[in-house]
Amino acid sequence: MKKYKFQVFTAFLFFVCFSIGGCSRPTAETTVLADPLHSLSADASDPKLSAALKVIEKNPDAVQPYLALAGIYIAKARRTGDFGLNANAENAVERGLKVGPNDFTARKLKASLDLTYHRFAEALELGTQLQKENPSDAFVYGVLTDANVELGNYDTAVEMAQKMVDLRPNSASYARVAHIRSLNGDQKGAVEMFKLAARTADPSDYEAQSWCLVQLGDELWKYGKYAEAEAVYDEALQMLPDYYLAAIGKGRARASQNDLPSAVDILTKTSDRIPNVEAFAQLGDIYSKLGDAEKAKQNYATVEVVEAKIGVNNDQKRLALMWANNGERLDDALAIAVREHGLRRDINTADTLAWTLFKLGRYAEARPVIAEALRLRSNEARILYHSGMIEKALGNASTAKQQLSQALKLNPEFDLIQSDVARKALSEYK
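What you see is a predicted model, and the numbers here were worked out from it, not measured in a lab.

Chemist: What am I meant to see in the overall build of the protein here?
Modeler: When helices and strands are tallied, the protein shows 22 helices and zero strands. Counting all 430 residues of the protein, 57% fall into the buried class. Within the protein, counting contacts between residues at least 6 apart in sequence, those at least 24 apart form 60% of the total. Accessible area of the protein: about 18300 Å², with a carbon and sulfur share of 52%.

Here it is as structure tokens:
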């Protein structure tokens, strides 16, 4: 993919409470309210929700109160990790659309929730319609950027991100530019833009600032800068002490620095608050590394339970990747990977499919798929490792050695278990 240079200007900044690629996906079984206008007593502990519900009671035929309620649920879901609240947000938006079917803001929120639930094609379709109606709305270009990234339409995503920056150079648009730079292997540019996104977020919105810091930490971790990443996660946790994304990042950074007991403590406390697939998967790997097969099995099983309760309407690549890594349920992993690859052609979906094919011994089939995953030169150690193992299985020693070496150089602990496999495979060439 060709290099891109985004033109970024300074202006009044406003953070849109909306994450890249709809990453605020459901990650746990939570109480889903069938109707956002449930008993007010259920929200007595949250004055914002109580107030919003009272406004709706007084103005049931107005659109805006429903959208305000949805925004509160979305923000709370992002802050706490209880993404079952997004179901309440979606119900509120649907109620608003019944009152005003053509309301532009309600449809924007619907598009953003489509991304949250990984309905990327639907988000793209609705976003495209909204863009035709109002080609000057920056939020819509954010939707189009995210949908195109997740569908693998990277050139179009770049165009949409540039338009978003041009219209509203703010924290939300900077974060999208950073993400695209990261996908294209521009680590310096991605770090620069994630820092800018964090600095320019609304200073009163701690969640917005913390979210940007977590993305910065993730980018630093991706290149093996574990201590720097942990410091950034700590900064986010100073703003929001229970912020689950920062805690998960810190746990991973601790594990990458071989402080496994601390990692276990952090991740266990995080998953105890709100069950989280990523936390359980990391705990499974840590216990496996520690030789505690029973606890590893328990945590991997919890990943399966949580993902099953989320349902097949959401992306389950993590589940397929976990099964492939562990050499378990490979036919089920392949079914997920094939289904997802048929719906979207992003590099991570291609990577999951290629790795699953490899684990099934279908090396020749895996090779063109992993080439698809490598097409952006994104410097993802995991993808390079997968490609190196595929090349090794096919007898292409030179390429295998080069890719395995590059993966470990980029991020020596890109995966707590698989990085050891990579080192062992590389040692066979010495």
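Chemist: Honestly, the environment of Asn348 in this entry has me stumped. Any pointers?
Modeler: The residue Asn348 is located in helix α18 (residues 347-359) in this model. Asn348 sits in the partly exposed class, given a relative accessible area of 28%. Spatially, the C-alpha atom of Asn348 lies 6.5 Å from that of Ala373, the residues being 25 residues apart in sequence. Asn348 has contacts with Lys317, Arg382 and Ile383, leaving out every residue within four places of it along the chain.

Chemist: Please explain the nonpolar core as it appears in this structure.
Modeler: Generally speaking, soluble globular proteins have nonpolar side chains that are buried together. In terms of nonpolar packing, the biggest core is built from 76 residues, with Leu69, Tyr243, Ile286 and Val303 touching the most fellow members. The element contributing the most residues to this core is helix α2 (residues 63-80), with eight residues. Leaving out residues up to four positions away in the same chain, Tyr243 has contacts with Arg78, Arg79, Glu207, Ser210, Trp211, Val214 and Leu237.

Chemist: For this particular structure, what's the right way to read the packing of α18 against helix α20 (residues 381-393)?
Modeler: A packed helix pair is summarised by two numbers, namely the angle formed by the two axes and the spacing between the axes. At their nearest, the axes of α18 and α20 sit 10 Å apart, and the two run at 35° to each other. Once α18 is placed against α20, the crossing between them reads as left-handed. Along its contact with α18, which presents Ile347, Asn348, Asp351, Ala354, Trp355 and Phe358, the element α20 presents Arg382, Ile383, Tyr385, His386, Met389, Ile390 and Ala393. Residues that form the contact of α18 with α20 fall into these classes: nine nonpolar, two polar and two charged.

Chemist: How should helix α17 (residues 330-343) be read in this particular structure?
Modeler: An α-helix turns once per 3.6 residues; consequently, residues spaced three or four apart project the same way. Taking 1.5 Å per residue as the helical rise, α17 with its 14 residues ought to reach 20 Å, and the 20 Å between its terminal C-alpha atoms agrees with that figure. Every buried residue of α17 is accounted for by Leu330, Ala333, Leu334, Ile336, Ala337, Glu340 and His341. Buried residues of α17 fall within an arc of 165° about the axis and therefore sit on the same side. In α17, those exposed residues whose orientation departs by more than 90 degrees from the buried face are Asp331, Gly342 and Leu343.

Chemist: Would you mind showing me how to read the pattern of salt bridges here?
Modeler: Charged atoms that come close allow side chains of opposite charge to pair. All chains considered together, the criterion is met by 31 salt bridges. Across the salt bridge formed by Glu207 and Arg78, the nearest N and O atoms sit 3.0 Å from each other. Remark: Arg78 occurs in helix α2 and Glu207 occurs in helix α10 (residues 206-222); sequence separation between them is 129 residues. The class of Arg78 is buried, set by a relative accessible area of 3%. As a salt-bridge pair, Arg107 and Glu133 come within 2.6 Å of each other at their nearest N and O atoms.

Chemist: Would you explain the packing of aromatic side chains in this entry?
Modeler: For any pair of aromatic rings, the description consists of the separation of the ring centres together with the inter-plane angle of the planes. Under the definition given, this model contains six aromatic pairs. Consider the rings of Trp355 and Phe358, whose centres lie 4.8 Å apart with planes at 10°: the pair is stacked. Linking Trp355 with Phe358, this pair stays in helix α18, spanning three residues, or about one helical turn. On the accessibility criterion, Trp355 (1% relative accessible area) is buried. Residues Trp355 and Tyr385 carry aromatic rings whose centres are separated by 5.2 Å and whose planes lie at 50° to one another, so their mutual orientation is tilted. You can see Trp355 sitting in helix α18 and its partner Tyr385 sitting in helix α20, a full 30 residues away along the chain. Neither residue differs from the other here; Trp355 and Tyr385 are each classed as buried.

Chemist: How should I be thinking about the environment of Asn326 in this particular structure?
Modeler: Tracing the chain through its elements places Asn326 in helix α16 (residues 317-326). Taking the C-alpha atoms as reference, Asn326 lies 9.6 Å from Tyr300; in sequence the two are 26 residues apart.

Chemist: How should unusual backbone geometry be read in this particular structure?
Modeler: One can expect most non-glycine residues to show negative phi and most peptide bonds to be in trans. Even without glycine at this site, His118 takes up a positive phi of about 60°. Relative to the assigned elements, His118 resides in the loop between α4 (104-116) and α5 (120-133).

Chemist: Sorry, what's going on with the side chain of Arg344 here?
Modeler: Residue position: Arg344 is located in the loop between α17 and α18. Relative accessible area serves as the criterion here: at 3%, Arg344 is assigned to the buried category. Polar contacts involving the side chain of Arg344 include one to the side chain of Glu150, which spans 2.6 Å.

Chemist: What is the right way to look at helix α13 (residues 260-273) in this model?
Modeler: For α13, with 14 residues, the first-to-last C-alpha span of 20 Å sits near the 20 Å given by 1.5 Å per residue. Within α13, burial applies to Leu260, Ala263, Val264, Ile266, Leu267, Thr270 and Ser271. Those residues of α13 hidden inside the fold are in contact with α12 (244-256) and α14 (277-290).

Chemist: Got a minute to help me understand the confidence of the model for the protein in this structure?
Modeler: Atom-level detail of predicted coordinates should not be read off regions where pLDDT is low. Here the protein shows a mean pLDDT of 89. Residues at 70 or above account for 88%. Within the model, the stretch residues 1-36 combines pLDDT values under 50 with 128 contacts to residues more than four positions away or in other chains. Note on residues 38-42: pLDDT is under 50 here. Beyond four places in sequence and across chains, it has eight contacts.

Chemist: Which parts of the structure should I look at to understand the packing of helix α11 (residues 226-239) against α12?
Modeler: Packing of α11 against α12 leaves a shortest axis separation of 9 Å and a crossing angle of 155°. It follows from the interaxial angle that α11 and α12 lie roughly antiparallel. As for how α11 packs across α12, the hand of that crossing is left-handed. Judged by residue contacts, Tyr226, Glu230, Tyr233, Asp234, Ala236 and Leu237 of α11 engage Ala246, Ala247, Gly249, Lys250, Arg252, Ala253, Arg254 and Ser256 from α12.

Rules behind the numbers
- Residues numbered from 1 in each chain as written.
- Predicted model: local features only at pLDDT ≥ 70, side-chain atom pairs only at ≥ 80, totals over all residues.
- Heavy atoms only, no water.
- Helix = DSSP H or I, 4+ residues; strand = E, 2+ residues; numbered from the N terminus.
- Buried < 20%, exposed > 50% of the residue type's maximum accessible area, 1.4 Å probe, protein only.
- Contact = heavy atoms within 4.5 Å.
- Areas by Shrake-Rupley, 256 points an atom, 1.4 Å probe, with all protein chains shown as cover.
- Core = buried A, V, L, I, M, F, W, Y, C linked by side-chain atoms within 4.5 Å.
- Axes fitted to C-alpha atoms, helices over the stretch in contact; angles between N-to-C directions.
- Left-handed = near helix turned anticlockwise from the far one by under 90°.
- Nonpolar A, V, L, I, M, F, W, Y, C, P; charged D, E, K, R; others polar.
- Expected span 1.5 Å × (residues − 1).
- Arc of directions from axis to C-beta.
- Salt bridge = Lys/Arg side-chain N within 4 Å of Asp/Glu carboxyl O.
- Phe/Tyr/Trp six-rings, centres within 6.5 Å; stacked < 30°, edge-to-face > 60°.
- Polar contact = N/O pair within 3.5 Å; in protein donor to acceptor, adjacent residues only side chain to side chain.
- pLDDT = per-residue confidence, 0-100.
- Parallel < 35°, antiparallel > 145°, perpendicular 65-115°, else oblique.

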